[in-house]
Amino acid sequence: MNDTLHYTTNEKGHLTIAGLDTVNLAKKFGTPVVVYNLELVRERARKFKDTFEKHGIRAQVAYASKAFSSIAMYQVMKEEGLSLDVVSSGELYTALQADFPVEKIHFHGNNKSLDELIMAFDHEIGCIVVDNFYELELVKELAETRKQQMPILLRVTPGIEAHTHTYITTGQQDSKFGFDLLNGQADEAFESVANHPYVELLGLHCHIGSQIFETNGFVAAAEKLLVKMQTWSEVHHYSCRVLNLGGGFGIRYTEEDTPLSPETYVEEMIVAIQRLSSESAYQMPEIWIEPGRSLVGDAGTTLYSIGSQKVIPDTRHYISVDGGMSDNIRPALYQARYDARVANRMHDNNLTTVTVAGKCCESGDKLIEDIALPKVEAGDILAVFSTGAYGYAMASNYNRLARPAVVFVENGKARLVIRRETLDDLVRNDLSLYEEGEES
Ligand SMILES: Cc1ncc(COP(=O)(O)O)c(C=O)c1O
Ligand SMILES: N[C@@H](CCCC[NH3+])C(=O)O
């Protein structure tokens, strides 16, 4: 992940992804289309996993599938031996459809419904990451009435603010997620569940935020959680065996981003946790992590067709594409920056500054402000990089735009893994006022 953004092109001056000509991909699958370089996804998955193995650390690397949830991506993660973090019955259902091993599924969320919890019990998933007292009581009740074992982690907020956009920090005290570690909530939760006959408390979980480029936040969080686990061990003679530090490992969207490699994040966590546990004579816990963005983010590229242009002299030159905030809400929501190239003009260095606009009826629907691109014409293909995480996953049908197609490329082959929505898909759940229907 340390290398600078690099693009591969072919003899036609076209951008390639995993050896395939993106202009051909756009022709074959239409635009917008999200293309995943699966080779990169697998490489990242292996680097996270192998680093733990190399150091002989018991670990689970769970793909945080909110970043991009699809049957095919779950199958890839299964092939790579990863675990899976799901946050809804929808993601759990997708995992079941992908035949993902249930014992490696971890269920997150700050407001899981009773039905969702029952689904988790029915399918005997690996663990529920309990977020609050209401959920804890539901889980205990279900486990008792069903006389069924359920492993859990307690999600805690360690009071650490990661250096990232405020909407995507989660570990600080004022957060909707988790039991507060400092004000006694975590202790209260522990006491209500430790030594429960059916609910097995595996350990603690925290997630300090997303798109983080340094390791000290993870180390500080590990320390806070370990100190708590050690206290419970001393006071209550209860040993937690799992320390889950969540996800949040940053990726490169533009040249300004400076991500660390998966090996660095993992190694620094291991060193810190080994040091902390040996200092406190606490047994070395299993380390679980939940990367989302860093597994699929920069492996994804969205190909758009360029349509209209508008030049406002001395002000701005807009070029518009056939998607926008409906397939990538991140620029509008977080002021996220992206990089792009004109896929069929990779060798054209006669650049001009433009703003890439989407096609939604919102002035704020700008995918990239002020980017240097060659002069373009209608029908050119714009490739926006690093759209693989929280792009398709957060897509909407705003303005009744259809969600794009998704394609995986690997070993010189492209495979459609999510069909483009059709106009019929868009009205599938609509009911006519004039048909016989349910009365209220
Ligand atoms: C609990 C939890 N785990 C993992 C993740 C994945 O984060 P990222 O995609 O930044 O790795 C998130 C999202 O931020 C999360 O809320
Ligand atoms: N959706 C956010 C990340 C939130 C992660 C979930 N806790 C993003 O696009 O960056």
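A quick note: this is a predicted structure, and the numbers were derived from the prediction, not measured.

(A) The overall build of the protein, seen in detail. Secondary structure summary: the protein contains twelve helices and 21 strands in total. Computed over the C-alpha atoms, the radius of gyration of the protein is 23 Å, within 12% of the 22 Å expected from 2.2 N^0.38 for a compact globule of 440 residues. Contacts in the protein between residues at least 24 apart in sequence constitute 69% of all its contacts with a sequence separation of at least 6. Working note: accessible area of the protein is about 19600 Å², and carbon and sulfur atoms make up 47% of it.

(B) Summary view of the UniProt feature "binding site: pyridoxal 5'-phosphate" (unreviewed entry) in the protein. As recorded in UniProt, the feature "binding site: pyridoxal 5'-phosphate" (unreviewed entry) lies at G248, E290, P291, G292, R293 and Y390. When you line up the elements, E290 lands in the loop between β13 (286-289) and α10 (293-296). Residue class for E290 comes out buried when judged on its relative accessible area of 4%. When neighbours within four sequence positions are excluded, E290 is seen to be in contact with A62, A64, D85, H108, H205, N244, G246 and G247. Within the secondary structure, G292 sits in the loop between β13 and α10. With a relative accessible area of 4%, G292 lands in the buried category. For G292, the contacting residues outside a window of four places in its chain are Y63, A64 and A67.

(C) Region of the structure containing the site of ligand 1. Neighbouring residues of ligand 1: 15 residues in total, closest H207, S210, E290, R293 and Y390. Between an oxygen atom of ligand 1 and a side-chain N or O atom of S210, the distance comes to 2.3 Å. Taking 390 Å² as the accessible area of ligand 1 by itself, protein coverage stands at 93%. The class makeup of the residues in the shell around ligand 1 is three nonpolar, seven polar and five charged.

(D) Highlighting unusual backbone geometry. In this chain, T31 is followed by P32 through a cis amide linkage whose omega measures -10 degrees. Position of P32 relative to the elements: it lies in the loop between α1 (22-29) and β4 (33-37). In the Ramachandran plot, D99 falls in the positive-phi region, its phi being about 60 degrees despite a non-glycine side chain. Under the relative-accessibility criterion, D99 is labelled exposed at 55%. Unusually for a residue other than glycine, D314 sits at a positive phi of about 60 degrees. With respect to the helices, strands and loops of the structure, D314 is situated in the loop between β14 (300-312) and β15 (316-321). The exposed category is assigned to D314, whose relative accessible area is 86%.

(E) A look at the nonpolar core. Counting residues in each nonpolar core, the largest one holds 87 residues, and the members touching the most others are Y63, F68, M73, I128, I152, L154 and V296. For this core, the element with the most residues is helix α8 (residues 216-236), which contributes seven residues. Not counting residues up to four positions away in its chain, the partners in contact with L154 are V130, L136, F179, A186, A189, F190, L201, G203, L204, H205 and W232.

Each value, and the rule that gives it
Counting of residues starts from 1 at the beginning of each chain's written sequence and follows it residue by residue. Lettering of chains starts at A and numbering of ligands starts at 1, both following the order in which they are written. In keeping with the model being predicted, local features are shown solely for residues with a pLDDT of at least 70 and side-chain atom pairs are shown and tallied solely at 80 or more, while totals for entire chains, interfaces and linings include all residues. Excluded from the side-chain calculations are hydrogens and water; all other atoms, namely the structure's heavy atoms, are used. Secondary structure counts use DSSP, requiring at least four H or I residues in a row for a helix and at least two E residues in a row for a strand, with both numbered from the N terminus. Here the globule rule is a power law, 2.2 Å times the number of residues to the power 0.38, and the radius of gyration is based on C-alpha atoms. Two residues qualify as a contact provided that any one of their heavy atoms is within 4.5 Å of a heavy atom in the partner residue. All accessible-area figures derive from a Shrake-Rupley calculation using a 1.4 Å probe, and residue coverage is judged against the displayed protein chains alone. UniProt positions are given in the numbering used here, feature names are shortened, and annotations may be inferred rather than shown by experiment. Relative accessibility decides the category of a residue: with a 1.4 Å probe and only protein chains considered, values under 20% of the type maximum give buried, values over 50% give exposed, and everything between is partly exposed. Throughout, the term near means that a residue has one or more heavy atoms lying within 4 Å of the molecule or strand in question. Within 3.5 Å is the distance limit for a polar contact, defined as a pair of N or O atoms, with the added protein rule that one can donate a hydrogen and the other accept it, and that residues adjacent in sequence qualify only through two side-chain atoms. Residues are grouped as follows: nonpolar covers Ala, Val, Leu, Ile, Met, Phe, Trp, Tyr, Cys and Pro; charged covers Asp, Glu, Lys and Arg; every other residue, Gly included, is treated as polar. By nonpolar core we mean a set of buried residues, namely Ala, Val, Leu, Ile, Met, Phe, Trp, Tyr and Cys, connected to one another through side-chain atoms within 4.5 Å.

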